[in-house]
Amino acid sequence: MHVPFLELRRGYEELKPEIDGAVSRVLASGWYILGAELRAFEEEFAQAIGARHAIGVGNGLDALVLLLRAHDIGPGHEVIVPSNTFIATWLAVSQVGATPVPVEPDPSSYNLDPSRLKLALTSRTRAVMPVHLYGQPADMDPIVEFARANGLVLIEDAAQAHLARYGGKPVGTFGQGAGFSFYPGKNLGALGDGGMVTTDDDAVASRVRLLRNYGSRVKYEHLEQGTNSRLDELQAAVLRVKLGALERGNSRRRAVATRYLEGLDRSLLTLPSVRPEREHVWHLFVVRSTARDALAAALKERGVETVVHYPRPPSAQLAYPGVAPQPLAEAMGRSVLSLPISPWMTDDEVRTVIDATNAAAAAVGSRAP
Ligand SMILES: *Cc1c(COP(=O)(O)O)cnc(C)c1O
């Protein structure tokens, strides 16, 4: 049996009549940007996660950039970010002219370790931007407290964690704003690029609305130098359909993860751990191995596709020369391997992944780092 890492076509097939209907409705409407579909999706998304406002934008990176801009964060300012994240978190900070200051992860949750936050604090720090990596909420209580105690803006990078919960509360509602991504492979994925800002702050919401549309509220009146970053009507209409299936998809991911956690051999691999008070949405199921590359190759031979998220953290990329090494994040980059997980996996595929992973890990002499 061949198990693909992720087959997005299955997500379309699951909802084909509804998605086709939504697309036809937009095509026939003759209105393609900033219209009724986006307004409805913004309301439905805000409602789903319990935020006052949701503002659709062009992609997840822009969501973070526009939030930073809405808080006037820019040159001369520092923003605390995880060392262990996708590069977009850092790029958002760099794009506004501020400096990303990394904090190393807690290796058991892969997320930013709050006990290290104070080491990164300087007189220039303006914001802290935790990431809910792989779909597990970061340790929000101490992060919220750190931001409050030091007068920092708290922006969540929730790109991988739609409807993940911390203490029962959905992520995207803990700070002054959050950025979501609707990149096709995310838990809530569009048929192209898309993103969303959520916030409870009326002023921030209205500033992001302005910035995403050329700094304009009234056509051809430009209050400031905004940009063009809008979620189009086609994507919004499709995302409304997919939002209706999100909780169901997340529970199916949880069921797959539970079977992995029960079936995979912990003497050969480090398995992800779910912290108390967290509802993980399993955007990715990431194991760690002392023989990661050999394990990936042996799985490929057995028909199971895997991916590495991420081989090198931002600090080890040519894009960030001169940044201090981040040994924990770099060590994770050498040992992590993502197994297939999606709402559309069959029970047979799950069984195949478990058996193939245990056999491959034993064959290559993998141990749990
Ligand atoms: C996907 C992602 C982003 C960026 O989202 P895009 O829609 O691809 O711009 C930002 N942060 C994290 C952690 C992501 O995984």
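We now turn to the structure provided with this report. Please read all numbers here as calculations on a predicted model, not as lab measurements.

What counts, and where the lines are drawn
- Residues take numbers from 1 onward in each chain, read along the sequence in its written order.
- Predicted model: local features are reported for residues with pLDDT of at least 70 only, side-chain atom pairs are reported and counted for 80 or more only, and whole-chain, interface and lining totals are derived from all residues.
- Hydrogens and water molecules were not included; the side-chain quantities draw on all heavy atoms of the structure.
- Each helix is a run of DSSP H or I of at least 4 residues and each strand a run of E of at least 2, with the numbering of both proceeding from the N terminus.
- Here a Phe, Tyr or Trp ring, Trp counted by its six-membered ring, pairs with any other such ring whose centre lies within 6.5 Å, and the pair is stacked when the planes are under 30 degrees apart, edge-to-face when over 60, and tilted otherwise.
- Each residue is placed in one exposure class: buried if its accessible area under a 1.4 Å probe, protein chains only, is under 20% of its type's maximum, exposed if it is over 50%, and partly exposed if it falls in between.
- Strands qualify as paired when DSSP identifies two bridges or more between them.
- A molecule or strand has a residue near it when one of that residue's heavy atoms lies within 4 Å.
- Pairing of N or O atoms within 3.5 Å defines a polar contact, subject to two protein rules: one partner must be a possible hydrogen donor and the other a possible acceptor, and residues neighboring in sequence count only if both atoms are side-chain atoms.
- Note on areas: these come from Shrake-Rupley sampling with a 1.4 Å probe, and a residue is covered only by the protein chains present in the view.
- If you view a crossover with the strands going away from you and the path from the first strand over the helix to the second runs clockwise, you call it right-handed.
- We place a 1 Å grid over just the protein atoms. Points where a 1.4 Å probe fits but has no way out form a cavity, open points with protein on both sides within 12 Å along at least 5 of 7 lines form a pocket, and any residue with an atom within 4 Å of a point lines it.
- Grid points are joined across faces, edges and corners, and a volume is the space filled by probe spheres set on the points.
- Throughout, the ten residues Ala, Val, Leu, Ile, Met, Phe, Trp, Tyr, Cys and Pro are labelled nonpolar, Asp, Glu, Lys and Arg are labelled charged, and all others, Gly among them, are labelled polar.
- Only heavy atoms enter the contact rule, under which two residues are in contact if any of them lie within 4.5 Å.

Cis geometry is found at the peptide bond from His309 to Tyr310, where omega equals 5°. Among the secondary structure elements, Tyr310 is positioned in the loop between α11 (292-301) and α12 (327-335). Phi at Tyr110 is positive, roughly 70°, even though this residue is not glycine. Within the secondary structure, Tyr110 is located in the loop between β3 (99-103) and α6 (117-120). Unlike most non-glycine residues, Leu163 shows phi in positive territory, near 70°.

We now examine the packing of aromatic side chains. Considering all chains together, one arrives at ten aromatic pairs under this definition. Pairing Tyr110 with Tyr134 gives two aromatic rings, centres 5.1 Å apart and planes at 70°, and the pair type is edge-to-face. With Tyr110 in the loop between β3 and α6 and Tyr134 in the loop between β4 (125-128) and α7 (140-149), this residue pair connects regions lying 24 residues apart in the sequence. For Tyr110, a relative accessible area of 4% puts it in the buried group. Overall, Tyr134 belongs to the buried group, its relative accessible area being 3%.

Right, let's talk about the environment of Ser123 for a bit. Topologically, Ser123 is positioned in the loop between α6 and β4. Residue class for Ser123 comes out exposed when judged on its relative accessible area of 66%. Each C-alpha atom, one on Ser123 and one on His77, is 8.9 Å from the other, the two residues being 46 residues apart in sequence.

Before going further, it helps to examine the sheet that holds strand β6 (residues 165-166). Adjacent strands of a sheet pair through backbone hydrogen bonds, lying either parallel or antiparallel. One open sheet accounts for three strands, arranged β7-β6-β10; its pairing is antiparallel. The open sheet has two edge strands, β7 (169-170) and β10 (278-279), and neither has a second partner. With two bridges joining them, β6 and β7 adopt antiparallel strand pairing. Within β7, the residue paired with Arg165 across the bridge is Pro170.

Taken together, 14 residues surround the ligand, and among them Gly60, Asp157, Gln160, Ser181 and Lys186 come closest. Between an oxygen atom of the ligand and a side-chain N or O atom of Gln160, the distance comes to 2.8 Å. Side-chain polar atom of Lys186 to an oxygen atom of the ligand: 3.1 Å apart, as the coordinates give it. When isolated, the ligand has an accessible area of 380 Å², and the protein chains bury 91% of it.

Counting buried positions along β3 gives four out of five residues, so the element sits mostly inside the fold. By the bridge criterion, five bridges tie strand β2 (residues 78-82) to β3 in an arrangement that is parallel. The residue bridging Val81 from the neighbouring strand is Pro102, located in β3. Taken together, β2, helix α5 (residues 87-95) and β3 form a β-α-β motif whose crossover is right-handed.

We now examine empty space enclosed by the protein. The full count for this structure, using the stated rule, is three cavities of 30 Å³ or more. Empty space within the largest cavity amounts to approximately 210 Å³. Around the largest cavity, the lining comprises 20 residues; the ones closest to its centre are Glu14, Asn187, Lys242, Pro343 and Trp344. At the level of elements, α1 (9-14) and α10 (246-263) are the ones that each hand at least two residues to the lining of the largest cavity. Of all the elements, α10 adds the most residues to the lining of the largest cavity, at five residues. Of the residues that constitute the lining of the largest cavity, the class distribution is nine nonpolar, six polar and five charged. Considered as a void within the structure, the second largest cavity measures approximately 50 Å³ in volume. In terms of lining residues, the second largest cavity is bounded by Val3, Pro4, Phe5, Leu6, Glu7, Arg10, Pro340, Ile341, Ser342, Met345 and Glu349. Residue composition of the lining of the second largest cavity, by class: seven nonpolar, one polar and three charged.

Of note, His71 is situated in the loop between α4 (60-70) and β2. Among all residues touching His71, those that are not within four sequence positions of it are Val153, Ile155, Gln176 and Val204.

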